[in-house]
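Chain by chain, the residues:
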Amino acid sequence: MGREGGAGGLTSERLPRSPRTAPFALPLPGPAQRMSGGDMAKPLLGHRSVEGDPTAPAAGRTIGILGSGDFARSLAIRLVCSGFKVVVGSRNPKRKAGLFPSAAEVTFQAEAVKKTDVIFVAVFREHYSTLCDLADVLVGKILVDVSNNTEINHHKESNAEYLASLFPACTVVKGFNVVSAWTLQSGARDGNKQVLICSNNQEAKRTIAEIAQVMGFTPVDMGCMSSACEIENIPLRLLPAWKIPIFLSLGLFLCFFTYNLVRQVIHPYIREQKNKFYKIPIEVVNTTLPCVAYVMLSLVYLPGVLAACLQLYYGTKYRRFPDWLDQWLQHRKQIGLLSFFCAALHAVYSLCLPMRRSHRYQLIETAVKQAVEKKMNIWVEEEVWRMEIYISVGIIALGLLSLLAITSLPSIANSLNWREFSFIQSTLGFIALLISTLHTLTYGWSRAFDENQYKFYLPPTYTLTLLVPCTVILAKVIFSLPCIHHRLMRIRRGWEKGRYVKFVLPSATGEYSSGETSSHV
Ligand SMILES: Cc1cc2nc3c(=O)[nH]c(=O)nc-3n(C[C@H](O)[C@H](O)[C@H](O)COP(=O)(O)OP(=O)(O)OC[C@H]3O[C@@H](n4cnc5c(N)ncnc54)[C@H](O)[C@@H]3O)c2cc1C
Ligand SMILES: NC(=O)C1=CN([C@@H]2O[C@H](COP(=O)(O)OP(=O)(O)OC[C@H]3O[C@@H](n4cnc5c(N)ncnc54)[C@H](OP(=O)(O)O)[C@@H]3O)[C@@H](O)[C@H]2O)C=CC1
Ligand code: HEM
Ligand SMILES: [Cu+2]
Ligand SMILES: [Fe+3]
């Protein structure tokens, strides 16, 4: 992921992934920087204009596809829908023709190649060498390598570079590997709209970019062939973005689970010889899950607070954050979604609490006890109100989190402008944290001050979870004090402490690059 100088988790999420990956400026080729941010945010496709637009320069042209598999078929469908003529080259055209739209011509590999200058190679890398017979007819043509690998850096050279080495008389362009066959078939409306493209030949790259654009995708220039490796790794990198957050949540889950197990099951077993093991599947889990959800939610907003602290301390926003903070800022989305996941599970578990058999036995037991003791009124007003409030507040918190989760879907995020998205993610998300705190506090109530609640001197779990969220809330309150708020806002608008000195005497390490001043969103 591209590292931005500022606390730009949101930025890097919504805009092309690194400063290099600006969309092509078509039809005006030029420095990518010329594109305005608006162009990046707004999809280039419309239902209307792009598909099969006859005025587009690339439409109407004949495109070749080698291979007749899933990818080839979806690609053919999309190309035909976008107004291209398609010719498919197969080793067995008779058998495969029925799988393709009738507008596409399916023929032998050599025949297909002769009819076109642009050929998508929809064949696995392992079979590239079997195409060598076609070398003569392929001379001077553009080959598009769409292949993916099964693991990161599986081969020494990228698939595209390998293809180029097999066909030195062709121009190879890497692209389209980041879109799935499914995305191609359903059109660019769903899934990722960006197509990352690289090649050593500018002209060929522009041709493929035009084709991508006519098909409704957003071509992104990734530079020359040496980027192919990076492009091929992108589809494989999706999961690693989740790795740290998943380990974090599992780690938290284990810690809280053990803690709750000791308090709710082991303690009664050792101290009173009571068998409470039935509590493990639901009660212990339902004490653990909300704690994980709540702490993870606060971990989404903690890095923003730390970033603000650093910005205030350095007096500038142009100084790089330490790597760990950078990483953390970039993983907030995944941490947040996992928090939402745990909270949703917690809600379902909570709804199930009263329907359990153990709960019914306990109710009857209490009722019998009350009857024996001839107590008539067992209504405790305070308890009633406490529960009404904490459940209601919990539901609101979950509702807000659902809103955050929904807006993190790419198709919805794309339909919001920057301010709307940031209001939901930043402001409403923080309000969800506040309300969750209220939920936890009203649930916990005075339990923290009750000696009986301390099992093995361990305080009730909820008191532990309050630590980080309350720190975050306190910090946010402090940052909203007028003097600090203004300073922070000035820094985030580009003001720097002692800026003029630094412009006269630029720092030798180049940490304060003035070039960045204008590049921020
Ligand atoms: C269910 C759920 C789903 C989520 N989905 C997403 C998602 O899809 N995408 C995503 O990115 N996050 C997502 N998150 C994470 C989280 O909501 C966002 O990262 C959120 O924006 C963090 O807010 P913040 O106020 O802490 O930080 P920020 O919004 O980063 O920053 C706080 C304030 O500082 C300002 N600011 C920050 N950096 C700069 C800067 N460099 N220059 C100028 N001003 C700056 C901002 O405008 C803001 O006012 C999700 C969280 C949850 C719980
Ligand atoms: N499926 C997807 O979602 C995506 C696929 N890709 C890439 O597209 C390429 C094709 O993938 P996909 O369509 O799924 O794969 P398939 O296995 O479905 O298709 C591969 C095709 O390659 C052709 N082929 C040519 N030479 C050989 C050979 N010697 N041995 C076997 N097959 C040969 C075959 O067509 P014929 O018999 O007609 O010659 C076959 O249909 C791969 O490189 C993949 O990484 C990239 C992004 C997404
Ligand atoms: C529909 C929404 C929700 C409902 C119905 C709900 C219900 C409950 C219930 C019944 C309890 C008590 C559990 C018990 O008796 O052991 C509880 C506790 C708790 N809830 Fe929720 N809740 C909801 C949403 C949330 C959300 C969104 C969060 C935070 C992200 C959260 C965090 C907590 C925490 C931290 C506890 C204390 C756990 C403990 O220490 O025992 N809840 N909730
Ligand atoms: Cu990166
Ligand atoms: Fe490489």
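Residues numbered from 1 in each chain as written. Chains lettered and ligands numbered in written order. Predicted model: local features only at pLDDT ≥ 70, side-chain atom pairs only at ≥ 80, totals over all residues. Heavy atoms only, no water.

- An unreviewed UniProt entry lists the chain under the name STEAP3 metalloreductase, from Cairina moschata.
- The Sequence similarities (unreviewed entry) comment attached to the chain in UniProt states, word for word, "Belongs to the STEAP family."
- As stated in UniProt under Subcellular location (unreviewed entry), the record for the chain gives "Endosome membrane". (UniProt positions renumbered as here; feature names shortened; annotations may be inferred.)

Here's the deal with the pattern of salt bridges
- Following the criterion strictly, the structure yields 14 salt bridges and no others.
- Residue Lys-274 pairs with Glu-272 through a salt bridge whose shortest N-O separation is 3.1 Å.
- Owing to a relative accessible area of 39%, Lys-274 belongs among the partly exposed residues under this scheme.
- Judged by its relative accessible area of 42%, Glu-272 falls in the partly exposed class.
- The closest approach of N and O atoms between Lys-279 and Glu-283, which form a salt bridge, is 3.8 Å.
- Residues joined in a network through salt bridges with shared partners are Asp-145, Lys-174 and Glu-232. (Salt bridge = Lys/Arg side-chain N within 4 Å of Asp/Glu carboxyl O. Buried < 20%, exposed > 50% of the residue type's maximum accessible area, 1.4 Å probe, protein only.)

Regarding the pairing of strand 6 (residues 171-174)
- Of the two faces of strand 6, the one lined by Thr-171 and Val-173 and the one lined by Val-172 and Lys-174 are each fully buried.
- Pairing between strand 5 (residues 142-145) and strand 6: 4 bridges, direction parallel. In the sheet register, Leu-143 faces strand 6, and the bridge partner there is Val-172. (Helix = DSSP H or I, 4+ residues; strand = E, 2+ residues; numbered from the N terminus. Pairing = 2+ DSSP bridges.)

Section: the UniProt feature "transmembrane region" (unreviewed entry) in the chain
- Under the present numbering, the feature "transmembrane region" (unreviewed entry) in UniProt falls on residues 244-262, 292-314, 335-356, 389-409, 421-442 and 462-484.
- Within the segment residues 244-262, helix and strand shares are 100% and 0% respectively, and the terminal C-alpha atoms sit 27 Å apart.
- Secondary structure over residues 292-314 splits into 100% helix and 0% strand, and the C-alpha atoms at its two ends are 33 Å apart.

Digging into the sheet that holds strand 1 (residues 62-66)
- Read from one edge to the other, the open sheet built from 8 strands follows the order 3-2-1-4-5-6-7-8, with strand pairing classed as mixed. Strand pairing shows two members of the sheet lacking a second neighbour, strand 3 (105-108) and strand 8 (218-221), which therefore form its edges. Mean inter-strand twist for the sheet, computed between neighbouring axes without regard to direction, equals 30°.
- Contacts between helix 9 (residues 202-214) and the sheet are confined to strand 1, strand 4 (118-121), strand 5, strand 6, strand 7 (194-199) and strand 8, with strand 7 contributing the most and set at about 165° to the helix. (Axes fitted to C-alpha atoms, helices over the stretch in contact; angles between N-to-C directions. Contact = heavy atoms within 4.5 Å.)

Quick word on the nonpolar core
- With 48 residues, the main nonpolar core has Leu-252, Leu-433 and Val-472 as its most contacted residues.
- Elements supplying a minimum of two residues to this core: helix 11 (240-272), helix 12 (280-314), helix 14 (332-352), helix 16 (381-407), helix 18 (418-444), helix 20 (467-479) and helix 21 (482-492).
- For this core, the element with the highest residue contribution is helix 12, accounting for 17 residues.
- Sequence-distant contacts of Leu-252, defined by excluding residues within four places in its chain, comprise Val-292, Val-295, Met-296 and Leu-299.
- Grouped together as the second largest cluster of nonpolar side chains are 33 residues, Val-86, Phe-100, Ala-104 and Ile-208 included. (Core = buried A, V, L, I, M, F, W, Y, C linked by side-chain atoms within 4.5 Å.)

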